[in-house]
Amino acid sequence: MDLNKYLNNAAPSEPQYSKEEYAAMKKTEREAVWAQVDARMGEVLADAPALQEFLNFMSQSRNSLPNQLLLSGQNADITDARTFQQWKDAGRHIRTGEEGYTAIVGQVYENNGRKASGYNIGKVFDITQTRGRPVPPPAEYQVDELIAASIESSPVPIQISDSLPDGIQAQYVPKNRTIYVRNGMDAGTTLCAIVRECAQADFHKDYTYNRQAYAAPSYCAAYMVAHRYGLDTTAFNFDRVVALYRNLGKEQQRGFLSDVNTVGGGLLRSLSRTLAVQTRELLAAEYAVAVPPAKKPSRQQERG
C-alpha cells in the first residue's frame, strides 16, 4: 500500500526547533507577555473609573498581580483562574470547547538533578469554564458581623475614642501600635475606616514607616473589602490616587499596585477566615444541648 497519498494530505507536523531556537522563542514569548502587563498597568492607572474597575477585579481574584493585570484585560468577569491540572486536582474538569486565558504559570523542573522553580507562559481557565459539584453561593454577612470580624482579625488592638480631631474617622498610632476609632459613625463608614487603618498597621514593618506613603494603598484596600462584601462604595473617589501614580515610572506603578494587592488581599483572606470561624461557633451554639435547671432540694434535704 502506498502511504504517500495519505501522508501528503495529513496535517503539517509541528516545526522542530533546536535548543537555542526554542529558548529564543520562549524568551520572545515572555517578553511579549511582560510588555502586555506593563501596557495594562498604564490602562488601569489612566483614570479613576479604570482603577476602580481593576480594584473590583482584584477584590475577587486570588492570582498574582501580573496575572490579575493580564486576566482582567482578557475578561473582567474572571473570579477564580487556575491551570488545567490545578482544576483537576480540585476535582473539577474543563468543559469541552473552552479556550483558556493567557497567564504566567509557575513551573517546577529539574536542573542538574536538583528541583528548581520558574515560570512559563500557559493557559488558565475560570471556574465558570469548569464542571463539577455545584459551587455554593458566597455567604452574605451583616455589616455588624463584618465589623466584629475586622476587629477580631486586626493586626493591632482597636479602641473607641471620643477625642479624635475633627474629620478623622479612625487613626493608627504607630507609637502605641493601636487603632483609634471615632464613636458614633454609621456601620459602613466604621468598617471602611477600621479596614483602612488595619492596612496602615500592616505596612508598619520597621522604623521607616511613613503614613503618607501608604495612604493611597490603604484607601484602595478598604475599597476592596467594601466592594467584596457589597457595601455602598459611592463615597470612594480615586481621582487623587490616579493623579499621584498615573505619570510615575513602571517600577513605582508596579510597587503601588503590588502593595494594594498584598495588603488588600491579605485583609480579605484574614477577614474571610475570621468570619468562617465565627460562623462555625454560632452553628455550634445554635445546636448546643440546653443545660437542665438545678433541682430544687426536697424538704427532707432542707431539714438535713
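As shown above, the structure is provided for reference.
Trainee: Before we move on, can you summarise the overall build of the protein chain with the specific residues and values?
Mentor: Check the secondary structure of the protein chain and you find 11 helices and 8 strands. Burial analysis of the protein chain (304 residues in total) assigns 35% to the buried set. Of the contacts made within the protein chain by residues no fewer than 6 positions apart, 59% connect residues no fewer than 24 positions apart. A total of about 19800 Å² of accessible surface is found on the protein chain, and carbon and sulfur atoms cover 50% of it.

Trainee: Residues and numbers for the sheet that holds strand β4 (residues 114–126), please.
Mentor: Strand order in the open sheet formed by 3 strands is β1-β4-β3, with antiparallel pairing between adjacent strands. The sheet is open, and its two edges are formed by β1 (81–82) and β3 (101–111), each paired on a single side. Note that β3 and β4 share 11 bridges and pair antiparallel. Residue V105 lies in a different strand from β4, and its bridge partner there is N120. Against the sheet, helix α2 (residues 19–44) makes contact with β3 and β4, and its axis sits at roughly 55 degrees relative to β4, the strand it touches most. Along the sheet, helix α4 (residues 65–74) contacts β1, β3 and β4; its crossing angle with β3, the most-contacted strand, is approximately 145 degrees.

Trainee: Describe a positive patch on the surface, with residues and values.
Mentor: Taken together, R62, R228, R269 and R273 make up a surface patch of like positive charges. The topology assignment puts R269 in helix α10 (residues 250–286).

Trainee: Break down helix α3 (residues 48–60) for me, with residues and values.
Mentor: With 13 residues, α3 ought to run about 18 Å at 1.5 Å a step, and its terminal C-alpha atoms sit 19 Å apart, in line with that. For α3, every residue scored as buried is listed here: A48, A50, L51, F54, L55, F57, M58 and S59.

Reading the values: the criteria
- Residues numbered from 1 in each chain as written.
- Predicted model: local features only at pLDDT ≥ 70, side-chain atom pairs only at ≥ 80, totals over all residues.
- Heavy atoms only, no water.
- Helix = DSSP H or I, 4+ residues; strand = E, 2+ residues; numbered from the N terminus.
- Buried < 20%, exposed > 50% of the residue type's maximum accessible area, 1.4 Å probe, protein only.
- Contact = heavy atoms within 4.5 Å.
- Areas by Shrake-Rupley, 256 points an atom, 1.4 Å probe, with all protein chains shown as cover.
- Pairing = 2+ DSSP bridges.
- Axes fitted to C-alpha atoms, helices over the stretch in contact; angles between N-to-C directions.
- Patch = residues over 30% accessible without salt bridge, like charges linked within 9 Å, V, L, I, M, F, W, Y side chains within 5 Å.
- Salt bridge = Lys/Arg side-chain N within 4 Å of Asp/Glu carboxyl O.
- Lys, Arg positive; Asp, Glu negative; His and termini not counted.
- Charge placed at Lys NZ, Arg CZ, Asp CG, Glu CD.
- Expected span 1.5 Å × (residues − 1).

None of the figures reported here should be taken as evidence of function without further support.
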